[in-house]
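Each chain, written out:
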Amino acid sequence: MKLGIFDNFWDNQPNHLPLLNLRVDLSDTDTFNLGKSLKLIDQIIADGSIEEIFSDVKIMLAELNWRPHLVAFIAILKLEKPDQQKFVDFLWKRLCQGTWVSPQLLVTLSKIDSNFNEKSELILNKIGLDKFRTKYLDEQELGERKFKYEITDNKILNSLRYLNDGKSLKDLDDDNGAEIAKNWDEQLTELNRLKLIKN
């Protein structure tokens, strides 16, 4: 996996793991924690040009592997607002293609896409998720989707329900999607308060 300027993020450590839950641990450590992961992303962004960042975040989002997706979400949230906007369509496309971290992706979109509520309404109450996917994927891409499971869709739909009105279906097998979205949303709010992201 070649990820351009983000190649060194892992540093022989699973530095993506703290991004799964965003549990705020900013202590100095030789091993991995959220503080170290955020500093690594900060350094990559500081050393790279906006063109490199844009190109290599797109490369991470194009991967099937969910680990670079998490790094991409946080990298996007560290950029200035106008630069964040450049990634909105890529994030929706990744959601339509599928990712194991769809709740985190949707929380990211809820922070940067000014049309998030309208798109959520389309998916939840108007055209449905399958029809929505045709807005971002052509026939070939739809056929190549690797995530074709009911639980994958439930994860997306219940995350959207939570992000829209704070409610979710409790008796739905959504692989904890709504809970993950809730946690990520709360933790991003704290990171924003600490000025560690821009949303």
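Overview of the structure. These figures come from a predicted structure and were not determined experimentally.

Criteria and thresholds
Residues numbered from 1 in each chain as written. Predicted model: local features only at pLDDT ≥ 70, side-chain atom pairs only at ≥ 80, totals over all residues. Heavy atoms only, no water. Helix = DSSP H or I, 4+ residues; strand = E, 2+ residues; numbered from the N terminus. Buried < 20%, exposed > 50% of the residue type's maximum accessible area, 1.4 Å probe, protein only. Contact = heavy atoms within 4.5 Å. Areas by Shrake-Rupley, 256 points an atom, 1.4 Å probe, with all protein chains shown as cover. Lys, Arg positive; Asp, Glu negative; His and termini not counted. Charge placed at Lys NZ, Arg CZ, Asp CG, Glu CD. Polar contact = N/O pair within 3.5 Å; in protein donor to acceptor, adjacent residues only side chain to side chain. Salt bridge = Lys/Arg side-chain N within 4 Å of Asp/Glu carboxyl O. Axes fitted to C-alpha atoms, helices over the stretch in contact; angles between N-to-C directions. Left-handed = near helix turned anticlockwise from the far one by under 90°. Nonpolar A, V, L, I, M, F, W, Y, C, P; charged D, E, K, R; others polar. Parallel < 35°, antiparallel > 145°, perpendicular 65-115°, else oblique.

Scanning the protein from terminus to terminus reveals 12 helices and 0 strands. Sequence-ordered secondary structure for the protein, helices as α and strands as β, is α-α-α-α-α-α-α-α-α-α-α-α. In terms of overall dimensions, the protein has a C-alpha envelope of 45 × 35 × 30 Å along the principal axes. Counting across all 199 residues of the protein, residues that qualify as buried make up 46%. Sequence-distant contacts, at least 24 apart, represent 62% of the contacts inside the protein between residues at least 6 apart. Of the roughly 10100 Å² that the protein leaves accessible, carbon and sulfur atoms contribute 47%. Averaging the coordinates of the 28 positive side-chain charges in the protein and doing the same for the 33 negative ones gives two points 2 Å apart.

Turning next to unusual backbone geometry. Glycine aside, the phi torsion of most residues is negative, and most peptide linkages are trans. Despite not being glycine, Asp-175 has its phi angle at roughly 55 degrees, a positive value. Of note, Asp-175 is situated in the loop between α11 (150–165) and α12 (177–193). One non-glycine residue with positive phi stands out, namely Asn-176, at about 65 degrees. Note that Asn-176 resides in the loop between α11 and α12. Look at Asn-176 and you get exposed, because its relative accessible area is 52%.

On the basis of relative accessible area, Asp-175 is assigned to the partly exposed category, the value being 35%. As a C-alpha pair, Asp-175 and Lys-155 span 20 residues in sequence and 6.2 Å in three-dimensional space. Filtering out sequence-adjacent residues up to four positions away, Asp-175 remains in contact with Trp-100, Ile-151, Lys-155 and Ile-180. In terms of polar contacts, Asp-175 uses its side chain to reach the side chain of Lys-155, at 3.2 Å.

Next up on the list: the side chain of Asp-56. Within the secondary structure, Asp-56 sits in helix α3 (residues 50–62). We note that Asp-56 is buried and unpaired, the nearest opposite charge coming from Lys-58 at a distance of 9.4 Å. Non-local contacts of Asp-56, meaning those with residues more than four positions away in its chain, are made with Leu-3, Gly-4, Ile-5 and Phe-6.

At a closest axis distance of 10 Å, the pairing of helix α2 (residues 34–47) and helix α4 (residues 66–77) adopts a crossing angle of 65 degrees. Crossing angle aside, the handedness with which α2 passes α4 is right-handed. Where α2 approaches α4, its residues Leu-38, Ile-41 and Ile-45 are matched on the opposing element by Val-71, Ile-74 and Ala-75. Tallied by class, residues from the contact of α2 with α4 come to 6 nonpolar, no polar and no charged.

Applying the stated criterion across every chain, the model contains 12 salt bridges. With its nearest N and O atoms 2.6 Å apart, the salt bridge here joins Lys-93 to Glu-141. A residue pair is termed long-range when its members are at least 10 positions apart, and Lys-93 in helix α6 (residues 88–97) and Glu-141 in helix α10 (residues 139–144) qualify at 48 residues. Judged by relative accessible area, which is 26%, Lys-93 ranks as partly exposed. Residues participating in the shared-partner salt-bridge network are Asp-130, Arg-133 and Asp-153.

Turning next to the packing of helix α8 (residues 116–126) against α11. Two elements in contact, α8 and α11, have axes whose closest approach is 10 Å; the angle formed by their N-to-C orientations is 135 degrees. As far as their axial angle goes, α11 and α8 are oblique. α11 is crossed by α8, and the crossing has left-handed handedness. Residues Phe-116, Asn-117, Ser-120, Glu-121, Ile-123 and Leu-124 of α8 lie in contact with α11, whose contacting residues are Leu-157, Leu-160, Arg-161, Leu-163 and Asn-164. Within the contact of α8 with α11, the residues separate by chemical class into 6 nonpolar, 3 polar and 2 charged.

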